[in-house]
Amino acid sequence: MEMPGSSPPDSDLTPGASAPAAASRERAGAPAPPASRRWPRWASDRVFIATFALLAVAAIVPIWRVRFLPLLDLPNHLAAVHIWHHFDAPWTRYKDFYELSLRPAPYGAYHILTHLVAHAVDLEDANRIVLSGYVLAIPAAALGWAHRTRRSRWLSLLTFPLAFSLSWACGFLPFLVGIALLLAGVVALDAHLERPSRWRAAAVALLSVGCGLSHPLILFGYYVCVAVLMLCYLPRWSRVAGALPLFAPAAALLVWQLVAFESPMVDLRSGPRFQGAWVPWNEMLRSFPEYTLNSVSGDLDTRLFWVLLASASLPALWSFARRSGFLPALESAAPAVSPLGRLHHHRSLVLCAAMVACYFLVPLHLARPFDWWFVSGRFSPLICFFGFLAITAPLRGLSRLLMAPAAAVALVLPLHLSEKYARFDERIEPFARMVERIPPGAEVLFVSLPPRTDEALIIEGTNHFSSWVQVMRGGFSADGWHNVGFPFKLKRSLPAPPSNRGEWFKPDVHGVAYDYVILRNERPERPVFTAAHPAFRRIEREGAFTLYERTR
């Protein structure tokens, strides 16, 4: 049985009628629209390409404008790659504290990609390239998915801002890279199910393994999408069955990770195997805009979410009004299709519904088997991605202007973020100068004292700056990802207070283990090192930072 075809792309004559129907109208002598009312294909392509390129450049401005990108977990992930990449460099002294552990593991995709790119460019630039790839992969996947589902390419403009979610602010880099792999995997699987080929099969298998290496939550979300997408291709049983072996490598990797890989993050020795915290559905609904598009201080980004949502609603309402007869129809009625045909045609909407289910049914926070904060909220950008691309409006001619608000949001948001990041970066400059004064390989402890917040951010952006010191000067970082098990394991450590509890710092317990101590927000009238600590002398104080050296 042949699957009913999706509606033609917006460049065709009609979005709902079949090609024979269009040909019959031509044979019947139906007049063509006046030339002045047509939108030339070359012009529409050029306008779209120029708009897409402009928004793509704007989207990566925040990444390349500053050095210290204020994403919470970024320093720890970057330091993990630095340990791997410079493990044998004598000045780092990494062998004193770590041993490499390079078995394939969850969280690995970001580290592997950044490590590979760092063979061609500086490590910090490699990080920027990988992050830029993530940011641009979302609208690129939207273009591919719009083509697959015969939706307007202009809908992809709605997806540019989705890169800058709360997960971005938190610096969940393995998860973010996984988002790009998940979306690419969905597009590749859809293409293979429609027209199988060896190249498409290889892409599906490779991207599935990539999802398995990126983040456990990504792998879960990916397999939910796989199941839903295969359902939308019924009754093509042979193609669905033929695609199942492509997931064997990813399944084998998952089994190995569950059975053989050991990580301190997973502790099932006692107590319940699963423990999570859910919040009421109305609270999840209320928090949806913040989870989707809130990464810096102020409420502009959240307001832009509502503009983006309104921009997505305009073509949806336009299409609904024409189909309902409230506005004159521009095309003949679409031919009747079976329920399975409608399911296939609206598979974006079905995927959106699956992500909505994950958003409300998965716990917001997990305690076991993983200690994860903010779990279900990470699905919010995926809900918007598939929801935006479920719109069936053809967006031809002047109706493309309905996407103007979305383009404005996609342009304003990254420029707004870059301004916030630049102000944060200016306040961090004294820190960078102090670290440059410290000889490579020295032991340095960074301590952030209350208030740990910054006026530009919604997170405590300097909590993990001990790892920035490690990237710049080597040695030990008391705040690294010591419990992941990839790409290194901890051999020896130095004492330090928790990164988010700098006020617990004790000079006689923690300070004596280091050559230098950098304090953020030390109050001059209440110094941490007093006359009772003669082994330390203050070298410099600038801005919010104070540098101490241990003299004996």
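You'll find the structure just up there.
Residues numbered from 1 in each chain as written. Predicted model: local features only at pLDDT ≥ 70, side-chain atom pairs only at ≥ 80, totals over all residues. Heavy atoms only, no water.

**Looking at the sheet that holds strand 6 (residues 516–520)**
In a beta sheet, neighbouring strands are held together by backbone hydrogen bonds and run either parallel or antiparallel to one another. Strand order in this open sheet of four strands is 4-6-8-7, and the pairing throughout is mixed. A strand with exactly one partner marks an edge of an open sheet, and here the two such strands are strand 4 (444–448) and strand 7 (536–542). Adjacent strand axes in the sheet meet at a mean angle of 20 degrees, parallel and antiparallel pairs treated alike. When strand 7 meets strand 8 (residues 545–550), the two strands line up antiparallel, connected through six bridges. Considered in strand 8, the bridge of Arg541 is made with Thr546. (Pairing = 2+ DSSP bridges. Helix = DSSP H or I, 4+ residues; strand = E, 2+ residues; numbered from the N terminus. Axes fitted to C-alpha atoms, helices over the stretch in contact; angles between N-to-C directions.)

**Digging into the environment of Pro414**
Inspection of the secondary structure puts Pro414 in helix 17 (residues 404–437). For the pair formed by Pro414 and Phe164, sequence separation is 250 residues and the distance between their alpha carbons is 8.3 Å. With residues up to four places along the chain from it excluded, the contact list for Pro414 reads Ala58, Ala59, Pro62, Phe164 and Val409. (Contact = heavy atoms within 4.5 Å.)

**What about a nonpolar patch on the surface?**
On the surface, a nonpolar cluster with roughly 240 Å² of combined accessible area is contributed by Trp64, Val121 and Ile129. Structurally, Val121 can be placed in the loop between helix 4 (108–117) and helix 5 (123–148). We classify Val121 as partly exposed; its relative accessible area is 31%. (Patch = residues over 30% accessible without salt bridge, like charges linked within 9 Å, V, L, I, M, F, W, Y side chains within 5 Å. Areas by Shrake-Rupley, 256 points an atom, 1.4 Å probe, with all protein chains shown as cover. Salt bridge = Lys/Arg side-chain N within 4 Å of Asp/Glu carboxyl O. Buried < 20%, exposed > 50% of the residue type's maximum accessible area, 1.4 Å probe, protein only.)

**As for the side chain of Ser376**
Position of Ser376 among the secondary structure elements: in the loop between strand 3 (365–368) and helix 16 (380–388). The exposure class assigned to Ser376 is buried, which follows from its relative accessible area of 0%. Side-chain polar atoms of Ser376 contact the backbone oxygen of Val362, separated by 3.4 Å. (Polar contact = N/O pair within 3.5 Å; in protein donor to acceptor, adjacent residues only side chain to side chain.)

**Description of helix 5**
The end-to-end C-alpha separation of helix 5 is 36 Å, in line with the 38 Å expected for 26 residues at 1.5 Å each. At Ala137, helix 5 is bent by approximately 35 degrees, the largest bend along its length, and proline Pro139 sits one to four residues beyond. One or two positions beyond helix 5, positive phi appears at Arg150, with a value near 60 degrees. (Expected span 1.5 Å × (residues − 1). Bend = angle between axes of the 7 residues up to and from the residue.)

**Here's the deal with the packing of helix 4 against helix 7 (residues 173–194)**
Running from N to C, helix 4 and helix 7 cross one another at 85 degrees; their axes reach a closest spacing of 7 Å. Comparing the axis directions of helix 4 and helix 7 gives the class roughly perpendicular. Residue-level contacts link Ala109, Tyr110, His111 and Leu113 of helix 4 to Leu173, Pro174, Val177 and Leu181 of helix 7. When grouped by side-chain class, the residues that make up the contact of helix 4 with helix 7 number seven nonpolar, one polar and no charged. (Parallel < 35°, antiparallel > 145°, perpendicular 65-115°, else oblique. Nonpolar A, V, L, I, M, F, W, Y, C, P; charged D, E, K, R; others polar.)

**Quick look at empty space enclosed by the protein**
Enumeration according to the criterion identifies four cavities of 30 Å³ or more in this entry. Within this model, the largest cavity holds a volume of roughly 80 Å³. Lining the largest cavity are 13 residues; nearest its centre among them are Ile138, Leu162, Ile179, Pro381 and Leu382. Contributing elements (two or more residues each) for the lining of the largest cavity: helix 5, helix 7 and helix 16. A per-element tally of the lining of the largest cavity places helix 7 first, with four residues. Tallied by class, the residues present in the lining of the largest cavity amount to 10 nonpolar, two polar and one charged. Within the residue set of the lining of the second largest cavity, elements represented by two or more residues are helix 3 (74–85) and helix 5. (1 Å grid on protein atoms, 1.4 Å probe; cavity = no way out; pocket = protein on both sides within 12 Å on 5 of 7 lines; lining within 4 Å. Points joined across faces, edges and corners; volume = space filled by probe spheres on them.)

**Re the nonpolar core**
Note that soluble globular proteins tend to have their nonpolar side chains buried in a common cluster. Membership of the largest hydrophobic core comes to 146 residues, with the highest contact counts inside it found for Trp168, Phe386, Phe431 and Ile518. It is helix 17 that contributes the most residues to this core, 14 residues altogether. Setting aside chain neighbours within four positions, we find Phe386 in contact with Trp145, Leu183, Val186, Cys225, Ser348, Leu351, Cys352 and Met355. Ala80, Tyr94, Phe97 and Tyr548 belong to the second largest nonpolar core, which has 20 residues in total. (Core = buried A, V, L, I, M, F, W, Y, C linked by side-chain atoms within 4.5 Å.)

**Brief notes about the packing of helix 3 against helix 5**
Relative to each other, helix 3 and helix 5 sit at 120 degrees, their axes nearing to 11 Å. Taken together, the axis directions place helix 3 and helix 5 in an arrangement best described as oblique. Crossing geometry of helix 3 relative to helix 5 is assigned as right-handed. Facing helix 3, whose interface residues are Leu74, Leu78, Val81 and His82, helix 5 presents Leu123, Glu124, Asn127 and Leu131. (Left-handed = near helix turned anticlockwise from the far one by under 90°.)

**Regarding helix 11 (residues 248–259)**
Taking 1.5 Å per residue as the helical rise, helix 11 with its 12 residues ought to reach 16 Å, and the 16 Å between its terminal C-alpha atoms agrees with that figure. Where helix 11 is buried, its residues meet helix 8 (198–214) and helix 9 (216–232).

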